[in-house]
Amino acid sequence: MTTSSRPDSYRVRVLTVSELKVETSPALERPPLVSGICFDVCAGETVCIVGESGSGKSVTSLAIMGLLPKGALEVTRGSILIDGEDVLSASETRLRQMRASKMAMVFQEPMTALNPVQRVGRQIEEVLRLHTSLTARHRRNRIMEMLEAVHLPDIERIYRAFPHELSGGQRQRIVIAMALILKPKVLIADEPTTALDVTTQKQILNLIRELQQSQQTAVVFITHDFGVVSEIADRIVVMNRGRVVETGTRDQILARPSEDYTRTLVSSVPSLVPRHRSDPAAHKVLEVVGLGKTYEKPQFFGRARAVAAAKDVNLTVARGEITGIVGESGSGKSTVARCIELLIEPSSGSVMLNGDDLTKVRARDLHSVRRRVQFVFQDPYRSLNPRRTVGDSVMEGLINYGMPRRDAFGQSAESLELVGLDRAVMSRYPHQFSGGQRQRICIARALVMKPELLIADEAVSALDVSVQAQVLTLIDDIRVRTGVSILFITHDLRVAAQICHKILVMRRGEVVEVGDAMTVLANPLHEYTRTLIEAAPGRDWDFQNFRPIHAPSATIN
Amino acid sequence: MAKYLFRRVLASVPVLFVVAFIVFALLRLSPGDPAMILAGDGATPAQLDAMRHSMGLDRGIIEQFVIWLSKVLRGDFGVSLITGLPMRDLVLDRLGPSFALCLSTITLAVVVAIPVGVVAAWRQGRALDRIIMSGSVMAFSVPVFIIGYVLILLLSRGLGWFPVQGYRPLSEGIGAFALHLTLPTLTMSAPFIAVISRIVRSSVIEVMGEDYIRTARSKGLSERGVLFKHALGNAAVPIATVVGLSIALLLGGAVVTESVFNIPGLGRLVLEAVLSRDFTAIQTLILLSSVTYVVINLAIDVLYSILDPRIRY
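Keep in mind that what you see is a predicted model, and the values were worked out from it rather than measured.

Comments concerning the overall build of chain B
Next, step 1: From N to C terminus, chain B includes 13 helices and zero strands.
Next, step 2: Each helix and strand of chain B, ordered N terminal to C terminal, gives the series α-α-α-α-α-α-α-α-α-α-α-α-α.
Next, step 3: In terms of overall dimensions, chain B has a C-alpha envelope of 85 × 55 × 35 Å along the principal axes.
Next, step 4: With 313 residues in all, chain B has 42% of them scored as buried.
Next, step 5: Residue pairs at least 24 apart in sequence account for 69% of intrachain contacts in chain B once pairs closer than 6 positions are excluded.
Next, step 6: Here chain B carries 26 positive and 19 negative side-chain charges, and the mean point of each set is 12 Å from the other.

Observations regarding the pattern of salt bridges
For side chains of opposite charge, pairing can occur when their charged atoms come near one another.
Next, step 1: Tallying each qualifying case throughout the model produces 35 salt bridges over all chains.
Next, step 2: In this structure, A:D542 and A:R547 form a salt bridge, with 3.7 Å as the shortest nitrogen-oxygen distance.
Next, step 3: Under the relative-accessibility criterion, A:D542 is labelled buried at 14%.
Next, step 4: One salt bridge in this structure joins B:R214 and B:D211, with 4.0 Å as the shortest N-O distance. Of this pair, B:R214 and B:D211 both sit in helix α9 (residues 211-218), separated by three residues, roughly a single helical turn.
Next, step 5: On the basis of relative accessible area, B:R214 is assigned to the partly exposed category, the value being 26%.

Quick look at helix α3 (residues 120-131) of chain A
Next, step 1: Given a rise of 1.5 Å per residue, twelve residues ought to cover 16 Å, and the 18 Å separating the end C-alpha atoms of α3(A) matches this to within 8%.
Next, step 2: What α3(A) keeps buried is the set A:V120, A:G121, A:Q123, A:I124, A:E125, A:E126, A:V127 and A:L128.
Next, step 3: For α3(A), the secondary structure elements touched by its buried residues are α4 (136-149), α5 (155-160) and α6 (168-180) of chain A together with α10 (223-251) of chain B.

Describing the pairing of strand β17 (residues 453-457) of chain A
Residue and element names in this part refer to chain A.
Next, step 1: Extensive coverage of β17 is indicated by the burial of five of its five residues.
Next, step 2: Where burial is concerned, the two faces of β17 agree: the one with L453, I455 and D457 and the one with L454 and A456 are both buried.
Next, step 3: The pairing of strand β16 (residues 373-376) with β17 spans four bridges and is parallel. Across the sheet, the residue bridging to V373 is L453, located in β17.
Next, step 4: Chirality of the crossover, the property in question, places the unit of β17, helix α16 (residues 465-482) and strand β18 (residues 485-490) among those that are right-handed.

Quick notes on the domain arrangement of chain A
Next, step 1: The domain architecture assigned to chain A consists of domain 1 (12-102 + 187-269), domain 2 (111-183) and domain 3 (273-372 + 453-458 + 484-535).
Next, step 2: Taking the mean C-alpha position of each, domain 2 of chain A and domain 3 of chain A sit 39 Å from one another.

Focus on the sheet that holds β16(A)
Residue and element names in this part refer to chain A.
Next, step 1: Taken in spatial order, the six strands make up an open sheet running β16-β17-β18-β13-β19-β20, and their pairing is mixed. Of all strands in the sheet, those bounded by a partner on one side alone are β16 and β20 (510-516). Within this sheet the neighbouring strands show an average axis-to-axis angle of 20 degrees, counted without direction.
Next, step 2: The pairing of β17 with β18 spans five bridges and is parallel. Directly across from L454, in β18, lies its bridge partner I486.
Next, step 3: Against the sheet, helix α15 (residues 435-447) contacts β16 and β17, and its axis sits at roughly 175 degrees relative to β16.
Next, step 4: Relative to the sheet, helix α19 (residues 527-535) contacts β13 (322-326), β19 (502-507) and β20, its axis offset from that of β19 by approximately 100 degrees.

Parameters at a glance
- Residues numbered from 1 in each chain as written.
- Chains lettered and ligands numbered in written order.
- Predicted model: local features only at pLDDT ≥ 70, side-chain atom pairs only at ≥ 80, totals over all residues.
- Heavy atoms only, no water.
- Helix = DSSP H or I, 4+ residues; strand = E, 2+ residues; numbered from the N terminus.
- Buried < 20%, exposed > 50% of the residue type's maximum accessible area, 1.4 Å probe, protein only.
- Contact = heavy atoms within 4.5 Å.
- Lys, Arg positive; Asp, Glu negative; His and termini not counted.
- Charge placed at Lys NZ, Arg CZ, Asp CG, Glu CD.
- Salt bridge = Lys/Arg side-chain N within 4 Å of Asp/Glu carboxyl O.
- Expected span 1.5 Å × (residues − 1).
- Pairing = 2+ DSSP bridges.
- Right-handed = clockwise from strand over helix to strand, strands pointing away.
- Domains from an automatic or database assignment.
- Axes fitted to C-alpha atoms, helices over the stretch in contact; angles between N-to-C directions.

Structure follows, in structure tokens:
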């Protein structure tokens, strides 16, 4: 499982970054984006660069590729040696030759990393055309070998496919094939699995490891996820605000971090150990019975094709409790949430909110029902209107329901204080706040309506771990203080374990398992739940207590 | 693809039918009796009735529509109320000049606008970009007839390079044909160059910020390779839209340009028909330009699915 046992005598230093400093150009009155960055990577070694957003990890990786946006960012100091050759002093032509052949990159978003109007085979071929003089037939053979090496099925079809015809995992395999086809010395992987489901993530991590070992690639793996780090890193570089906080082997950083920042970061990783148990006697605020949503795709000729986004979903949320819906993309978890909020009309079943069936509500009564269910969305950067003050955004709901502005103002101020913000923020605009603060504003906006049910749809997924931990604490705190019931939708089992009393696991529109958080996570009955738990990265590490979890499979000494 | 094409063509039929009905109804419902116009002021009621009967105006409106439509489908658009000539011959006569002008204009517009737009995108925010974009605002906002007269003044009257007015068909030799077409083409393409180059610029800028452009650079592609192999293909859809719509607009007849340069095209025919209240002619011309629009739109939609494999209806 781990690679700490590789003999040191094999180590050839392939990438050396020293005293790297990147500044905006022309130099503005602001601190450099990164400065004093030093680290090195040996052949066959994985070095993880870990940091929260804005720590400069992506800037560092782009600098290694020589891909910093021209005219905007500039390396003003330091050197980046790949195989003894300095990237920073290389000519533009030499740099182009080095890309893909000496250093290659895999990006975060496989959905957009490929050119949508070109067949993927041709996109891989382009690398060979640029850097080799192989004939068409040899190129094709090499590509087919590579497609096999990244374990893609039906490679003849995939060679001719357009990106949109492939899944996210398959596209990431294509990007990896493209990056590694010339056997580069250094592979930079910038959050390559962040956009993928956990089960796919596990496969991609294994794939990178496998190819790395066969090609002896030096891998720089950029991530914010300590779970992933604990599984793949040989050494770790912790970055914060453009500087290296700490560098060390995996065990040093995860078990004996010397800096406070690293300690906070590591201990913020939510534990997979569930904390809450549901009270079966509690009053049920929400009861969803037999909920289904079928989309019909109209055909020009013949009958419409039906696609079930949710099938026979039953769930309850008790007063003052949090029920979690966990599932991968396409599992139907958001569909269920939207049906409950009546943003989309369910095809079947009923949604009982404190005894009232919301699906039977007539259109003109919908207005009064809306108030009782409130939403917090995933992306705090896009869910607040940038042209309205925070106060206006929070007050708007109350004013819509006929409250005088003066009263709405007072209640909004209280609501903002409840989420830990000062009432003075009401006159400011969303762009003046960080992601975590914005999500607090969104929570305040939902709470000010005094809802019977709060639906949080991936409400902490876009946040950095340390902020995520704070917002999770806040949500739980609010639940205790106000007694609001929460339906919490997430793809992240760790988050669900921290906050949920009850957990539903969904797959392809169906609930595969439901029960007490303790039971579902500790003794899963359904095979799919077990798969999900096993795929969760970093299961072998107890981050809060800075130590490995001693399971029979662990080989850490 | 064949199935998609068939479906799209089929879906255009009801649109064309509705267009035909509206065009037909528009003139029947408008005040004024065509028979009275044709018969003149001195006609007796009996003569008027006879006239109405021969024109089919005494039948029900639906019946009239069916008769009219079946004739139109056979290529019989009726007879011009003013000249008494068959509309079909009148239109065919004028088609040549308009078509030639449209083709030369759109070719020039595309050939100039795409590189200009790409260069502006390339130098975004720099001096060259600013110059190109200011030029485009001017080209778009100065009325076509002013551009036309200025060009005549400078290049025909002043330098004597081109004839002032008129049109020579291709059958009279390519030299004369081209000479007579140059100034109208330059005049008419100005606003289209302006619009198309703006669209090219903004779509290229947008595409250059996409993730797959970064991927292309990380493969070691040169900036020129990135632009031609990855950016332009993705910027093509909005460009195709605006080029297609320009063609449709041009085929409808260039009333102003044809008047300025005295070209006997469809635009002039439209003008003449409106001025002399030639209802049959107006009807025919509206119908033809609507059909052109529908057909061009169909062609654009089909082109989309070729340019972008993600688009399948």
